[in-house]
Amino acid sequence: MAVPVVEFIHRSAVEFLDNTEVWSTITSWTEGTDFNPYEPLLQSCILMAKMSVPEENLTGNLPDMLLWGNLGSALRLASKAESLDKTLAAAQLDNLSAV
């Protein structure tokens, strides 16, 4: 199973995204809209967790670590969305119980 991890981001890409002016431009594209970045990010974490569920009992192997890592990310995203008053579809949160 391939591990979904970014091992390296080129320094110039990091510097580009870290630039305040660049970041302001990127975030301005969704100002005044109801775009909620937490919904697609949460959905991707849930889908990744579902794909990493092992068929046998949880044993501490790589699929287990991916499962718990993705579930942890999903919960952090849900918490961040709530702290910023961004609503998440209840159906997405219900999907967590189906993992």
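Residues numbered from 1 in each chain as written. Predicted model: local features only at pLDDT ≥ 70, side-chain atom pairs only at ≥ 80, totals over all residues. Heavy atoms only, no water.

Enquirer: How should the overall build of the protein chain be read in this particular structure?
Expert: Secondary structure summary: the protein chain contains five helices and zero strands in total. Put simply, the protein chain runs from its N terminus to its C terminus through helices and strands in the order α-α-α-α-α. For the protein chain, the residues scored as buried account for 22% of the 99 residues in total. Roughly 7,500 Å² of accessible area belongs to the protein chain as shown, and the carbon and sulfur atoms make up 59% of that amount. (Helix = DSSP H or I, 4+ residues; strand = E, 2+ residues; numbered from the N terminus. Buried < 20%, exposed > 50% of the residue type's maximum accessible area, 1.4 Å probe, protein only. Areas by Shrake-Rupley, 256 points an atom, 1.4 Å probe, with all protein chains shown as cover.)

Enquirer: Could you clarify how one ought to interpret the nonpolar core in this entry?
Expert: Within the largest apolar cluster, nine residues are counted, these being Tyr38, Leu42, Cys45, Ile46, Ala74, Leu77, Ala78, Ala81 and Leu88. Listed by contribution, the elements that provide at least two residues to this core are α3 (38-51) and α4 (62-83). (Core = buried A, V, L, I, M, F, W, Y, C linked by side-chain atoms within 4.5 Å.)

Enquirer: I would appreciate a short explanation of the side chain of Asn36 in the present structure.
Expert: Mapped onto the secondary structure, Asn36 falls in the loop between α2 (20-28) and α3. If sequence neighbours within four positions are ignored, Asn36 has contacts with Lys86, Thr87 and Leu88. (Contact = heavy atoms within 4.5 Å.)

Enquirer: I'm lost on the environment of Asn19 in this one. Help?
Expert: Relative to the elements of secondary structure, Asn19 occurs in the loop between α1 (11-18) and α2. Within the structure, the side chain of Asn19 is placed 3.1 Å from the backbone nitrogen of Val22, a separation counted as a polar contact. (Polar contact = N/O pair within 3.5 Å; in protein donor to acceptor, adjacent residues only side chain to side chain.)

Enquirer: Any chance you could explain the side chain of Asn70 here in plain terms?
Expert: Along the chain, the position of Asn70 falls in helix α4. Contact partners of Asn70, with chain neighbours within four places excluded, come to Cys45, Met48, Ala49 and Ser52.

Enquirer: How should I be thinking about a nonpolar patch on the surface in this particular structure?
Expert: On the surface, Phe16, Leu17 and Trp23 cluster together to form a nonpolar patch covering roughly 340 Å² of accessible area. By the element assignment, Leu17 lies in helix α1. Residue class for Leu17 comes out partly exposed when judged on its relative accessible area of 45%. (Patch = residues over 30% accessible without salt bridge, like charges linked within 9 Å, V, L, I, M, F, W, Y side chains within 5 Å. Salt bridge = Lys/Arg side-chain N within 4 Å of Asp/Glu carboxyl O.)

Enquirer: Help me out: how do you make sense of the confidence of the model for the protein chain in this one?
Expert: If pLDDT is low for a region, its predicted coordinates should not be looked at in detail. The predicted model of the protein chain has a mean per-residue pLDDT of 76, with 70% of residues at 70 or higher. Per-element averaging of pLDDT across the protein chain places helix α5 (residues 90-95) at the bottom with 70 and α2 at the top with 89. (pLDDT = per-residue confidence, 0-100.)

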